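Structure assessment
Listed below are the residues making up each chain.
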Protein chains: 2
Amino acid sequence: MANITKKVSWSSRGDESGSPWEGTPLLNGSEQPSVSRQLSGGRSIFQIGRLSTVDLEDEITAEEDSRGRPKEIPHNEKLLSLKYESLDYDNIENQLFLEEERRMSFGGFRCLEISRWVVCGLIGFLTGLVACCIDIVVEEMAGLKYKVIKENIVKSTEAGGLSISLILWAVLNCAFVMVGAIMVACFEPIAGGSGIPQIKCYLNGVKIPRVVRLKTLVVKVLGVMCSVVGGLAVGKEGPMIHSGAVIAAGVSQGRSTSLKRDFKMFEYFRRDTEKRDFVSAGAAAGVSAAFGAPVGGVLFSLEEGASFWNQMLTWRIFFASMISTFTLNFFLSIYHHKPGDLSNPGLINFGRFESEIMSYNLYEIPLFIAMGALGGFLGALFNVLNYWLTIFRIRYVHRPFLQVIEAMLVAAVTVAVSFTMIYFSTDCQPLGPEHSEEYPLQLFCADGEYNSMAKIFFNTPERSVRSLFHSQPGTYNPLTLGLFTLTYFLLACWTYGLSVSAGVFIPSLLIGAAWGRLCGILLASITSSGSIWADPGKYALIGAAAQLGGIVRMTLSLTVIMVEATGNVTYGLPIMLVLMTAKIVGDYFQEGLYDIHIKLQSVPFLHWEAPGTSHWLTAREVMSSPVTCLNRIEKVGTIVDILSDTSTNHNGFPVVVKVSHNNEPAKLCGLILRSQLIVLLKHKVFVELARSRLNQRKLQLKDFRDAYPRFPPIQSIHVSQDERECMMDLTEFMNPTPYTVPLDTSLPRVFKLFRALGLRHLVVADDENRVSVCLCYDDLARYHLGKHGLEELHLAQT
Amino acid sequence: MANITKKVSWSSRGDESGSPWEGTPLLNGSEQPSVSRQLSGGRSIFQIGRLSTVDLEDEITAEEDSRGRPKEIPHNEKLLSLKYESLDYDNIENQLFLEEERRMSFGGFRCLEISRWVVCGLIGFLTGLVACCIDIVVEEMAGLKYKVIKENIVKSTEAGGLSISLILWAVLNCAFVMVGAIMVACFEPIAGGSGIPQIKCYLNGVKIPRVVRLKTLVVKVLGVMCSVVGGLAVGKEGPMIHSGAVIAAGVSQGRSTSLKRDFKMFEYFRRDTEKRDFVSAGAAAGVSAAFGAPVGGVLFSLEEGASFWNQMLTWRIFFASMISTFTLNFFLSIYHHKPGDLSNPGLINFGRFESEIMSYNLYEIPLFIAMGALGGFLGALFNVLNYWLTIFRIRYVHRPFLQVIEAMLVAAVTVAVSFTMIYFSTDCQPLGPEHSEEYPLQLFCADGEYNSMAKIFFNTPERSVRSLFHSQPGTYNPLTLGLFTLTYFLLACWTYGLSVSAGVFIPSLLIGAAWGRLCGILLASITSSGSIWADPGKYALIGAAAQLGGIVRMTLSLTVIMVEATGNVTYGLPIMLVLMTAKIVGDYFQEGLYDIHIKLQSVPFLHWEAPGTSHWLTAREVMSSPVTCLNRIEKVGTIVDILSDTSTNHNGFPVVVKVSHNNEPAKLCGLILRSQLIVLLKHKVFVELARSRLNQRKLQLKDFRDAYPRFPPIQSIHVSQDERECMMDLTEFMNPTPYTVPLDTSLPRVFKLFRALGLRHLVVADDENRVSVCLCYDDLARYHLGKHGLEELHLAQT
């Protein structure tokens, strides 16, 4: 709270320095050489002399700046990184844009609308196809692997020398994992993990570098195959969401910058607003393909991203989801030699829950809620352990070499643990006809029996989940389940965050299903047999939901995903209750896993609502760095200097116009983005002082679209000394109607505007329409609700 | 297009008259006595002399104004009525509000949040209870009625004189319908119909008078019982949505204005923003209770209402839905003597679709799509017929007496048609054991057989739907189904829009199920029997979805509702495809039924996006009537005059402050609402010219909350001549930070702001921060996309 108090005192000083550019609207680095970096905390440039405390950020960034890439990512939770740009979801309605829109006929808009649908259809189709590829490759390769190992084990069990089997198994797994880890660690680190936190950030409005590139997709897809085949405690579902998003970002732009191919299609969609919409559709298509849950996919996109609910967009998202699950279903049906049979809607299939056998009753609901609470607790425990582990990794395991070694170590330990568990297990079950294709291991069991522990460990996780849901009562004995839960919990926790491409959905479900089934068995044993309690599969389902909810905490979409994946609506109510309980209990201890990882990356993330107790903060106090304004007709040299100034690093600049009176301050007349200025500089749209235009070609919107989204850095643009003396007329290119708020607007009101409109910059103007402050995304993300009320984070250039 | 062109020429004139209040910020009726009504079309007050054309609105309103209530509702689709107020979903962040928020502690916000959950729980519980009551009463009374009539028919079939049975049936039905119609027509006309259009409007931001009152709820609930028991072609599901919304509006306010009871609870929620959120939850709870579809309910609320997706709100809506279906389920299980059996989640239960029997195959999908197209076409036909009928009703059937007569006529005709169909039907089917409780009529069939036509006609519509879905192949012969489809289509079309409380969901499903089953039977007959085509129940389901989609056109929520009601996710994909096709085909011909009725009521309704081709319209051109500003310290007399001026009828007034210089125009400093001014006048918060405050008590937010939502009209407030000379200080009460946009902001940009933030007024200011225009909700609703591009509607005081 001390911080906040300090803040208030600054803000009162801020009043005096309300418009620091009076007379001269420019505050760039060259004019103020002592201001090397504007520090966080609302200090205005007039307080430079008072910088007595040594700032944490300075220390950290000092050595990083020299090498370009940080040697150590700071894990201070009170910092927000400035390395992330935010996305602009507000249309830049400048003259060029409006001219284009006005030229467009009614039919033109129809065509655009149709091409949006076509793009969504394509996104769905390609996402489905990718999912299908992953599934088939994993199935085939895992099948091959388990067959080889099984044959070896069978041979070794008779002949002795099971240690050779263990080594074979470990070597095979480690090889796969190594390939996956090398790809991720050396080529594209952003493709690691499930990708869901990154997509959450993207939909929220933060651009994580390289997150929607083709290379990321390739590494992600190949990586997930390797890690699943490599037998890690991971799932292939999470990465599908990221894959869908990348596909969407690629298809919608009609070109690939990596492959240097431009298909000259969909040029209209080359801006943040449209691209975000398609990425939402892609993420939804990914969920839909992963879980066979088209509605769940739509809800996921909406829950995570869309601040502004738009009906047409929602339908397109829905369409993409639908096509995605359908494509997957169709191709899988051909692969399974049952063409036309559309009963495999997703990568994971929970199997059919028959309502008759598995109905639930009113008095079971408290039990479900208790399981939800347990799931919430276990989920929080998982998250806490993973949090510590991630901090350890950030500190000590940040070299690619170490990351690959760690991944291989985990793979080896996973094999060793599995093998030990199977080896010492005495849980033998009679072999039924239905186990024929699930690699049952006989090991030391009698003929016609198989090792029950091997059934869950020596299998792909998806099959294990299904087996826990649907196997006959008595398939597993409680000890097997208990041991499995414990070991798999620790393995999964260790695995998440490795430099491999992998998801956490399936491991969570598997842990939950194991202890859920255990609960069911215990319940059945303490009550009379033959009653409604008899089927442990039902409890496995509830346990899976509880554990997953406790770890990831997405209530609404998760409910729908679970309901769609089970294919049975009857379980809707208990699943909802369980997920809600898990969320409430889990939130009490620790945040959701994805939120933890977002926070650890210091991503500025806007939550749904402004912190409740923030009404006393006003727009003028929220500002973290002073505004830099440009004149409507500005000297090129000045613009270059401002853009080159690494200390401020502004992305949006209010444009002002000076009224002719001598002492009148300049009035706001527009807003221009760094990216636009860069394009203008690149194309040298200069006007000589004699007002003759140097570059005769009129700049088109197309020039901006061609440069999107990889605008060159200012350093790469050469401006000669002569050109520096030219002027640049921003009138046509600036957004002449930026949203503005008065100085006294409260934080929640500003927040609502940002959130609802997807803004990136908001100009705060005084009564006379003079620019006082320009708020950016990061300024708002700094405030959040901690355990003891409002907390303020600092911005750091890491 | 002529209209639009005219518009542009006005707007260019508008530039000159940019700020007509220079010097004097007041333009009220007394000062401009000749401006009796500001007309639509962007005419500024300076163009009065040019009003040469006789305006339609003038003619219509001339005689209405004298009587208070319009004698005839105009059905000109090019008009928007001014009688509807819009709701303010933007918080009025005035000093009082901010002080309260700032006083509130972190714990206070927690308490508020918890009470929101409690209110949502209550809403869900009460909605479920009401649904349960309706269901039980309808079941019992319909059972009694059919039993009496059946006994009579059985007697008459043997003894002759079936005409007596017909009369008995007709008299019973007419009596029920009469009671229902009298209640609606005489006591609360707004309770007629399904209520969904009204709730759509409310969620959109338009306040339909009396729509969420207790009286409306009572009439709605009793009315729907009467109309369903009265055998009309109606359902009891639609009204549940309206009921849920009324319950929510009531519970959340913690008082009943009708009953004059204030429970002193939830006073914080007494404003439009909070109330709307709860009404969303109520509507969702209603859907959830009606169809057993909690997720569908949430989506319905979001699709129809929430422009701003808020995660916490969505969860609360979800919670209310969940509690609602659970409550209904629980009480129905007790009623059905199976306590604890939670398999009746909604009023309508489609029964269990077994996936094994009813799986579909890839090559059936084109067939489903074709059925979707047929459904879209039939739906459009239904809507066109109903549109004509509604216009006829508006013209000729607007007296309560006539409305009751019409309702009774429909009831009698329904009975007569049903009876004739049953009488002449020769479709006899063997009586199975499962029909024991469904009133089978033997009539002229052999012993052990029953009349198949009677099975659908002589039954509640819900049971008929279920029977069409699940009866064995061969239960109905094609002729029966064809005749039934035809007659029921016409009956349902005639029935919708009667002055009875009734929904259109079930009749739509029933029509669709009938022709869908017919399709199934025909398909089975042209292909080899025993194949996958054999079960017509599947086609009945698809037909039902197609017909419903064709009539109401809510794609996403409807899909989820259908999937949840069938309890089987397998049908998700075909249902989606069918609903989309139905929507596309239907939209080609005619709008959805609810949209038609909203349009016929001339409700200003904001669609999701601004019309595509409207980028060339700017904020200054959109304005329909000149702005009226108030000074920050304003004379009471002036305020009273402005509020009393029926010609402008403004609800929001920009507040300006004059800068001391002599010729400087006044600057915008806030926005105040009519309702706030009324409260201020009522409490006489005046300052004498000598600056001594007359009324010593400081006005609290509580005073505004107590007056909410039924603010007295200005006529009821007496202000003496002395008081007229006093001044009123608006500083504390106005919203000091209203959203503003520059004059040149394009319509889509303004639209987005309105839609995303739920605004009611938007101040348009010029470069100098002077007020130029104040846009209101109606101004934006005037523009919509017609068949030939942008169309502009007119505003009329009807």
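Within each chain, residue numbers correspond to sequence positions counted from 1 in written order. Whichever chain is written first is A, and whichever ligand is written first is 1; the rest continue in order. Totals for whole chains, interfaces and linings use every residue, but because this is a predicted model, local features are given only for residues with pLDDT of at least 70 and side-chain atom pairs only at 80 or more, for both listing and counting.

Description of the overall build of chain A
- From N to C terminus, chain A includes 28 helices and 18 strands.
- In chain A, which comprises 798 residues, the share counted as buried stands at 55%.
- In chain A, the share of contacts with a sequence separation of at least 24, taken over all contacts with a separation of at least 6, comes to 79%. A run of DSSP states H or I qualifies as a helix once it reaches four residues; a run of E qualifies as a strand once it reaches two. Both are numbered from the N-terminal end. Counts of 20 or more other C-beta atoms within 10 Å of a residue's own C-beta define buried residues, counts of 12 or fewer define exposed ones, and intermediate counts define partly exposed ones; C-beta atoms are placed from the backbone. C-beta atoms are first placed from the backbone for all residues, and any pair lying within 7 Å is then listed as a contact.

Looking at the sheet that holds strand β8 (residues 630–631) of chain B
Residues and elements named next belong to chain B.
- Reading across the sheet, the three strands line up as β8-β10-β11 and stay open at both edges, with mixed pairing between neighbours. This sheet does not close on itself; its edge strands, each paired only once, are β8 and β11 (667–673).
- Between any two strands, at least two bridges found by DSSP are needed for them to pair. Two elements, β8 and strand β10 (residues 652–657), share two bridges in a ladder whose sense is parallel. By the bridge assignment for β10, Asn631 is matched with Val656.

What about unusual backbone geometry?
- At Arg210 of chain A, a residue that is not glycine, the phi angle is positive and equals roughly 65°.
- By the element assignment, Arg210 of chain A lies in the loop between β3 (206–207) and α7 (214–229).

Comments concerning the confidence of the model for chain A
Residues and elements named next belong to chain A.
- Per-residue confidence for chain A averages 80 on the pLDDT scale, and 83% of its residues sit at or above 70.
- Known as pLDDT, the predictor's per-residue confidence is scaled from 0 to 100. Here residues 1–74 scores under 50 on pLDDT; set against residues more than four positions off or in separate chains, the count is 92 contacts.
- In the predicted complex, the global pTM is 0.85; the interface-specific ipTM is 0.82.

Section: the pairing of strand β11 (residues 667–673) of chain A
Residues and elements named next belong to chain A.
- Burial runs high along β11: six of the seven residues are buried.
- The pairing of strand β10 (residues 652–657) with β11 spans six bridges and is classified as antiparallel. Pairing of Pro654 across the sheet is with Leu671, part of β11.

With respect to the relation of the copies chain A and chain B
- A residue counts toward the fit only if its pLDDT is at least 70 in both copies, and the copies are then superposed by least squares on the C-alpha atoms of those residues. For the pair chain A and chain B, the relating rotation is 180°, the translation along its axis is 0.0 Å, and the fit reaches an RMSD of 0.1 Å. The relationship between the two copies is best expressed as a two-fold rotation axis.
- When the interface residues of chain A are mapped onto chain B, 100% of them again lie at the interface, so the same face is used by both copies.

Quick look at the packing of helix α16 (residues 478–495) of chain A against helix α17 (residues 505–526) of chain A
Residue and element names in this part refer to chain A.
- Relative to each other, α16 and α17 sit at 155°, their axes nearing to 9 Å. Relative to α17, the element α16 lies roughly antiparallel. Crossing of α16 over α17 shows left-handed handedness. Contacts between α16 and α17 involve Pro478, Leu481, Gly482, Phe484, Thr485, Tyr488, Phe489 and Ala492 from the first element and Pro507, Leu510, Ile511, Ala514, Trp515, Arg517, Leu518, Ile521 and Leu522 from the second.
- Broken down by class, the residue content of the contact of α16 with α17 amounts to 14 nonpolar, two polar and one charged. Throughout, an axis means a line fitted to C-alpha atoms (over the contacting stretch in the case of helices), and angles, computed between N-to-C directions, take values from 0 to 180 degrees. Orientation labels follow simple angle bins: below 35 degrees gives roughly parallel, above 145 gives roughly antiparallel, 65 to 115 gives roughly perpendicular, and whatever is left gives oblique. Take the far helix as your reference; a near helix turned counterclockwise from it by less than a right angle gives a left-handed crossing, and one turned clockwise gives a right-handed crossing. Three classes are used, and their members are as follows: Ala, Val, Leu, Ile, Met, Phe, Trp, Tyr, Cys and Pro are nonpolar, Asp, Glu, Lys and Arg are charged, and the others, Gly among them, are polar.

Digging into the sheet that holds β11 of chain A
- Taken together, the three strands give an open sheet; going across it, the order is β8-β10-β11 (chain A), and neighbouring strands pair in mixed fashion. Each of the sheet's edge strands pairs with one partner strand only, and the pair in question is β8 (630–631) and β11 of chain A.

Some remarks on the interface of chain A and chain B
- Taken together, the contact between chain A and chain B spans 63 residues of the former and 63 residues of the latter.
- Put simply, the parts of the chain that give the side of chain A that touches chain B at least two residues each are α3 (95–103), α4 (106–159), α10 (294–304), α11 (311–335), α19 (555–566), α20 (572–589), β13 (740–742) and α27 (747–757) of chain A.
- In terms of residues, the side of chain A that touches chain B owes the most to one element, α11 of chain A, which gives eight residues.
- Partitioning the side of chain A that touches chain B into residue classes produces 30 nonpolar, 20 polar and 13 charged.

A look at the nonpolar core
- Each nonpolar core reported here comprises buried Ala, Val, Leu, Ile, Met, Phe, Trp, Tyr and Cys residues connected via C-beta atoms within 7 Å. Ranked by internal contacts, the top residues of the largest apolar core, which has 472 residues, are Ile123, Val750 and Leu775 of chain A together with Ile123, Val750 and Leu775 of chain B.
- Every residue in contact with Val750 of chain A, bar those within four places of it in the chain, is listed here: Ala619, Val622, Val741, Thr745, Leu762, Leu775 and Leu780 of chain A.

Thoughts on the packing of helix α18 (residues 536–552) of chain A against α20 of chain A
All names here are of chain A.
- Two numbers describe how α18 lies on α20: the axes approach to 8 Å, and their chain directions differ by 35°. As α18 runs across α20, the sense of the crossing is right-handed. Listed contacts from α20 to Ile542, Ala545, Ala546, Gly549 and Gly550 of α18 are Pro574, Ile575, Val578, Leu579, Ala582, Lys583 and Gly586.
- Residue composition of the contact of α18 with α20, grouped by class: eight nonpolar, three polar and one charged.

Considering helix α8 (residues 238–253) of chain B
- The terminal C-alpha atoms of α8 of chain B, which comprises 16 residues, lie 24 Å apart, in line with the 22 Å expected from a rise of 1.5 Å per residue.
- Counting buried positions along α8 of chain B gives 16 out of 16 residues, so the element sits mostly inside the fold. By definition here, a helix of n residues has an expected span of 1.5 Å times n minus one.

Re the environment of Ile506 of chain B
- Looking at where Ile506 of chain B falls in the secondary structure, it is placed in helix α17 (residues 505–526).
- Beyond its immediate stretch of four places on either side in the chain, Ile506 of chain B contacts Gly235, Glu237, Ile348, Pro461, Glu462 and Val465 of chain B.

Considering α7 of chain A
Residues and elements named next belong to chain A.
- A rise of 1.5 Å per residue sets the reference length of α7, with its 16 residues, at 22 Å; its end C-alpha atoms lie 23 Å apart and thus fit the reference within 8%.
- By the criterion of burial, α7 is predominantly enclosed, with 12 of the 16 residues buried.
- All of the buried residues along α7 are Thr216, Leu217, Val219, Lys220, Val221, Gly223, Val224, Met225, Cys226, Ser227, Val228 and Val229.
- Close packing links the buried residues of α7 with α4, α5 (162–187) and α8 (238–253).
- Just downstream of α7 lies Gly231, where phi reads positive at about 75°.

Structural notes on the pairing of strand β15 (residues 771–776) of chain A
Residue and element names in this part refer to chain A.
- Of all six residues in β15, six are buried, a share of seventy percent or more.
- Pairing between strand β14 (residues 761–765) and β15: five bridges, direction antiparallel. By the bridge assignment for β15, Val764 is matched with Val773.

Let's talk about the environment of Arg760 of chain B
All names here are of chain B.
- Here Arg760 is to be found in the loop between α27 (747–757) and β14 (761–765).
- Using a count of 22 C-beta atoms within 10 Å as the deciding quantity, one classes Arg760 as buried.
- In sequence terms Arg760 and Leu775 are 15 residues apart; their C-alpha atoms lie 8.2 Å from each other.
- Apart from residues no more than four positions distant in its own chain, Arg760 is found in contact with Ser86, Leu87, Asp88, Asp90, Gly652, Cys776 and Tyr777.

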